[in-house]
Each structure stands twice: as C-alpha cells, then as structure tokens.
Amino acid sequence: MNGGWRDTVLQLMRVPRDPSPPPGSPPQVFRAAANYFVLRLIEWIAINLILLAASLTLITVAIGFLPADTPQTGKILVGFVAGAVTLLLLLRLTLGYAIMRLDYELRWYMISDRAIRIREGILTVREKTIALANIQNTVIRQGPIQRLLGIADVEVRTAGGGSSEAEKAHGQGLAEPMHVGYFRGVDNAAQLRSVILEGVRRHRDAGLGDPEDARHDDSAKLLLAETRLLREMLEKVAGSG
Amino acid sequence: MTPVTSMTPEQRVFSIHRPEPALWKYYIIGSLFLGPFFFIALIPLYFRYYTMRYDFDSEGISMRWGILFRREITLTYARIQDIHLVSNLIERWLGLARIQIQTASGSATAEMTIEGVKQYEVVRDYLYTRMRGVISQKTATSAPSDTLHQVAEEMRAIRRLLGELLEKRR
C-alpha cells in the first residue's frame, strides 16, 4: 500500500530514481531532515486553508446574492460551478500532497572530494553539479519556524551573476538562480558547512583564486638571498680586477 | 547499437551535431499550451530546431541557430563553472533533458543551454571532466613555485662558479 502510489506516480512522471554520484571519491550523502517535511506540511496546510476559506465564502456569497426569481437553469449552473471548484480544490489537495511528499523523499545532497551534486524536484527535476574548486562562499539561513524545528538551509555560491530579481523570483518559486546550490532543510547545517569548507580548502585556487604571493613567498625569499650574495661576489670580483 | 557503445565518451560527445527529432516534438507540445495561438510560438521554434547546430571540439563548444537573427555562442571548456541538468515532465516523457552551462559571467540565466540531446548524462560527465577547477588544479599548484625554485638553483650554481673563478684569480 505504501509503495504502490509512489511507484505509480514516479513511473508516470518518469522521475529517475537515484542520481549518479559526482566525480571524485565516493560521496558523503546528506538528506533533508524529517522536520523539513513538517515545515512543508505547515505551509501546505496554511495555503490550502486560505484557498478553502476563499472559495467557500465565494460560493456562499454567490448563492446568497442569487435573486429569488432566478430560472432553474441558472441555479443548476451555479451549483455546477461550485461543484467543479470543489473538485479542483480536492485534486489540488491530493496532488499537492503527493508531490510534496515525494519532493521531500527524493532529495540528494552529495559531497565528494571534488564536487557537490544536488538533485531535487519532482515536476521539474534538477541536478546541479558544482566543483568544490569553484565555490566562493557558503551561507546558512534559518527562519523562525525553521529554528523551532531545528533545521536550516545551506547555500553554496559560485562566482557570477544572479540579479536580485532572479532571487526574488526564486522566493516565489518561479525561477532558479544559476550560481547558487541549495541544501534545503538539513538539521546538521554546521556539520555540512564544515564538510564543504574542508573540501574547498583542499583546492587552493578555489573560487576565482587566492592571491598567489603567500604560496611563492618561500621561493622568492630564497631567490632574493641568492641574488644578493651573487651581487656581493661580483662586486668583489670587480674590485679585485 | 554496438558502434555507439564501443565509442569513447569523447567520441560520442564529438559526434553530436544536431538535436534529436524529439526536440521538435517537445516544441510542438510546448506551443500547444498557447491554444489557438500556438503557431505564434511554433514558427520561431521551427526555425530554431532546423538551424540548431552543435560543434564540440577538443577546446570548447559552439552552438548556433537562427534564420533572420543568427546567434552563435562559443565557450571553452576551461571556463565552465557550473553544469546543471534540468528536465520537466514532458521532456522526461520524450527522453530529453536540458544541460545548462554557466561561466562566471554576470548574467542570471544560463550562458548556453544544450537542448535535444538524449545522451545528456554522457555530455554532462564529459563537460565535467574538462571544466574549470578540475583540470587546472594539478598544473596550478606545482608549476609557478617550481620554476621559482629552479631559478634559485640556477642562481646558486652561478654563485658557485663565480666563487671558483675568484679562487683561481688569487
């Protein structure tokens, strides 16, 4: 019973089951925390309650304002529309729940020694691969409800654009910013971040690269000392000759 | 079937020049969502599909399309920063996915979107092996400091030689 509807929906939507691991060592796999589903459930209930209340008031108002001398066909039409709206709402309810549940279950956050791979989504499946060497910074975000539930979102950013408009659209679920990878709803954000940063540290030219001075300092000092000795010696040669 | 599987991933990627016919189907289905005005979207998509060409070579990709307004995008593998694989429901039904390629430029949308490829995982993995941060690593860490060390060695040798010269003179 449990696996039945899942398999049917996944088959119908052609959702690939498991993502292939990113290149590099066998990855560490992180998953969304159980409380992430609770958070989504709260959002889902809130949205559907609002929708339900709105459509119920709309229907009662429509029926209440119906003039007494409405012909029979008019009454049937109103009843039909009300029924259709309720049916659509119910469909939205069940479908929304199924997608939300699967979206929670089919999330992979994989980190190998070279890359991060994030796979998410049901209607639109996204697989992001970000090389650790290209990461600029990480951000942890936590809202008040997330804090109560003990979860947080970790963002990994690479160099480049992503206007504020794209991020705003992302907040409304419209578009996905391209230079950001999201680890949504993890309950071990600090650990996750330290794993990422440790990986990034192994790549000395991470991001757009660090200043190279520090790396060459030893060799440069050596070179300077040698050159100075050479000059002193040449001065001696010149002096005696 | 056998010739495709016996090819190396690189050869398989290099052999892609045209999008699959499934992309045209996808365009048709997508434009049907406009109802009676479907042809407004479909006509430019028709030309886009029939003029779309890919060229993968050892250094980079170029992609071009267009009849009236032509567009050609060229980028080198070494500048690729993120590779995303995106597919919606209809694309998955047709066995397609979009490969969105990002460089570090300022634009919010993908620099290049490779559409209509059924071997998208092969292309994605190949691009990954060639992208920024994967190849540059080995050379970047060793080369510059090594050369500096070598210069220092050379200088030391010169000093020794001069020292000998000085001894002889005395």
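Owing to the predicted nature of the structure, the values given are computational and were not obtained by experimental measurement.

Caption draft 1: Fine view of the packing of aromatic side chains. For the structure on display, the rule yields 15 aromatic pairs over all chains. Considering the side-chain rings of Tyr109 of chain A and Phe183 of chain A, the 5.2 Å spacing of their centres and the 55 degrees angle between planes classify their relative orientation as tilted. Of the two residues, Tyr109 of chain A sits in strand β2 (residues 108-111) while Phe183 of chain A sits in strand β7 (residues 180-186), which places them 74 residues apart along the sequence. With respect to burial, Tyr109 of chain A and Phe183 of chain A carry one shared label: buried. Aromatic side chains Trp24 of chain B and Tyr49 of chain B sit 5.9 Å apart centroid to centroid with 20 degrees between the ring planes, which places their arrangement in the stacked category. Within this pair, whereas Trp24 of chain B is found in helix α3 (residues 21-32), its partner Tyr49 of chain B is found in helix α4 (residues 38-51), the two being separated by 25 residues in sequence. Taken together, the aromatic side chains of Trp24, Tyr46, Phe47, Tyr49 and Tyr50 of chain B make up a single cluster linked through ring pairs. Lying over the aromatic face of Trp108 of chain A, Arg31 of chain A brings its terminal NZ or CZ to 4.6 Å of the ring centre.

Caption draft 2: Just the sheet that holds strand β1 (residues 53-56) of chain B, in detail. Residue and element names in this part refer to chain B. Ordered by their spatial adjacency, three strands build an open sheet running β1-β2-β3, and the pairing between neighbours is antiparallel. In this open sheet, the two strands that pair with only one neighbour each are β1 and β3 (71-76). When the angles between neighbouring strand axes are averaged without regard to direction, this sheet yields 10 degrees. Lying over the sheet, α4 contacts β1 and β2 (60-65), oriented at roughly 140 degrees with respect to β2.

Caption draft 3: The side chain of Glu155 of chain A, seen in detail. Residue and element names in this part refer to chain A. Turning to its location among the elements, Glu155 is positioned in strand β6 (residues 152-158). Here the side chain of Glu155 touches Arg141 through a polar contact of 2.3 Å, side chain to side chain. The residues touching Glu155, leaving out its near neighbours within four places in the chain, are Asn137, Thr138, Val139, Arg141, Val180, Gly181 and Tyr182.

Caption draft 4: Geometry of the packing of α3 of chain B against α4 of chain B. All names here are of chain B. Axis separation between α3 and α4 bottoms out at 8 Å; the angle between their running directions is 165 degrees. Viewed along their axes, α3 and α4 adopt a mutual orientation that is roughly antiparallel. As α3 packs across α4, the resulting crossing turns out to be right-handed. Counted together, Pro21, Leu23, Trp24, Tyr27, Ile28, Ser31 and Leu32 of α3 and Phe38, Ala41, Leu42, Leu45, Tyr46, Arg48 and Tyr49 of α4 form the full contact between these two elements. Residue composition of the contact of α3 with α4, by class: 12 nonpolar, one polar and one charged.

Caption draft 5: Spatial organisation of the domain arrangement of chain A. The domains assigned to chain A are domain 1 (4-203) and domain 2 (215-240). Of note, the centres of domain 1 of chain A and domain 2 of chain A, computed from C-alpha atoms alone, are 64 Å apart.

Caption draft 6: Highlighting the environment of Leu161 of chain B. Tracing the sequence through the fold places Leu161 of chain B in helix α7 (residues 136-169). Sequence spacing of Leu161 of chain B and Pro36 of chain B is 125 residues, and the spatial spacing of their C-alpha atoms is 89 Å.

Caption draft 7: Here's a closer look at helix α6 (residues 189-202) of chain A. All names here are of chain A. Between its first and last C-alpha atoms α6 spans 20 Å; for 14 residues at 1.5 Å apiece the expected length is 20 Å, and the two agree. Those residues of α6 that fall on the buried side of the exposure criterion are Ala189, Leu192, Val195, Ile196, Gly199 and Val200. Buried positions in α6, seen along its axis, are confined to an arc of 135 degrees and lie on one side of it. For α6, the exposed residues set more than 90 degrees away from the buried face come down to Ala190 and Arg201.

Caption draft 8: Region of the structure containing the pattern of salt bridges. One pass over the full model with this rule turns up 20 salt bridges over all chains. When salt bridges with common partners are traced through the structure, they connect Arg40, Glu43, Asp103, Arg107, Glu120 and Arg184 of chain A into a single cluster.

Caption draft 9: Structural detail: the pairing of strand β4 (residues 82-87) of chain B. Residues and elements named next belong to chain B. Counting buried residues in β4 gives six out of six residues, a clear majority hidden from the surface. Residue alternation in β4 divides its side chains into two sets, Asp82, His84 and Val86 and Ile83, Leu85 and Ser87, and both sets are buried. As judged from the five bridges shared by β4 and strand β5 (residues 97-102), these two strands associate in the antiparallel manner. What sits directly across from His84, in β5, is Gln100.

What counts, and at which threshold
Residues numbered from 1 in each chain as written. Chains lettered and ligands numbered in written order. Predicted model: local features only at pLDDT ≥ 70, side-chain atom pairs only at ≥ 80, totals over all residues. Heavy atoms only, no water. Phe/Tyr/Trp six-rings, centres within 6.5 Å; stacked < 30°, edge-to-face > 60°. Helix = DSSP H or I, 4+ residues; strand = E, 2+ residues; numbered from the N terminus. Buried < 20%, exposed > 50% of the residue type's maximum accessible area, 1.4 Å probe, protein only. Lys NZ or Arg CZ within 6 Å of the ring centre and 35° of its normal. Pairing = 2+ DSSP bridges. Axes fitted to C-alpha atoms, helices over the stretch in contact; angles between N-to-C directions. Contact = heavy atoms within 4.5 Å. Polar contact = N/O pair within 3.5 Å; in protein donor to acceptor, adjacent residues only side chain to side chain. Parallel < 35°, antiparallel > 145°, perpendicular 65-115°, else oblique. Left-handed = near helix turned anticlockwise from the far one by under 90°. Nonpolar A, V, L, I, M, F, W, Y, C, P; charged D, E, K, R; others polar. Domains from an automatic or database assignment. Expected span 1.5 Å × (residues − 1). Arc of directions from axis to C-beta. Salt bridge = Lys/Arg side-chain N within 4 Å of Asp/Glu carboxyl O.

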